[in-house]
Amino acid sequence: GFVQNMSEYMSCCDCVITKAGPGTIAEALICGIPIILNGCIPCQEEGNIPFVLENKVGTYSEDPVVIANTVSEWFDTNDGTLEEMSARAKLLGRPEATFNIVRDLADLVLQ
């Protein structure tokens, strides 16, 4: 369901397992949280999967065993993988994007 305090929940996470929804991906990037994608809505969210993979901020699998192994691997090895993904995620995050869109729309209305 919808919550008003997603940033509080995200700030408690070391990684997030989610479908490839753009809102959750955007929140995770802003917070610098590595992402495990486990599905998508066909056509609507499919393009988000290569974005996450190509930018090396997460992985994709629909197999619960593979997902569990990925989480275990990420947290059992101290090779800097999580930190690197987190740093890349923060670089991709756009915390001001919503405000910029509203400002641009307001400017268009006033023209």
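Residues numbered from 1 in each chain as written. Predicted model: local features only at pLDDT ≥ 70, side-chain atom pairs only at ≥ 80, totals over all residues. Heavy atoms only, no water.

Draft legend 1. The arrangement of helix α2 (residues 22-31) in detail. Looking only at α2, the buried set comprises Ile 25, Ala 28 and Leu 29. Buried residues of α2, seen end-on, are gathered within an arc of 100° and therefore sit on one face of the element. Contacts from the buried residues of α2 go to α1 (6-11), β1 (16-18), β2 (35-37), α3 (48-54) and α5 (81-92). Gly 32, located one to two residues past α2, shows a positive phi value of around 70°. (Buried < 20%, exposed > 50% of the residue type's maximum accessible area, 1.4 Å probe, protein only. Helix = DSSP H or I, 4+ residues; strand = E, 2+ residues; numbered from the N terminus. Arc of directions from axis to C-beta. Contact = heavy atoms within 4.5 Å.)

Draft legend 2. Fine view of the packing of α2 against α5. It is the contact of α2 with α5, at a shortest axis distance of 6 Å, that shows an interaxial angle of 110°. Classified by the interaxial angle, the pair formed by α2 and α5 is roughly perpendicular. The hand of the α2/α5 crossing is left-handed. Across the interface between the two elements, Leu 29, Ile 30 and Cys 31 of α2 pack against Ala 89, Lys 90 and Leu 92 of α5. (Axes fitted to C-alpha atoms, helices over the stretch in contact; angles between N-to-C directions. Parallel < 35°, antiparallel > 145°, perpendicular 65-115°, else oblique. Left-handed = near helix turned anticlockwise from the far one by under 90°.)

Draft legend 3. Representation of unusual backbone geometry in the model. Phi at Cys 43 is positive, roughly 70°, even though this residue is not glycine. Mapped onto the fold, Cys 43 is located in the loop between β2 and α3. For Lys 56, which is not glycine, the phi torsion reads 55° and is therefore positive. Looking at the element boundaries, Lys 56 is found in the loop between α3 and β3 (58-60).

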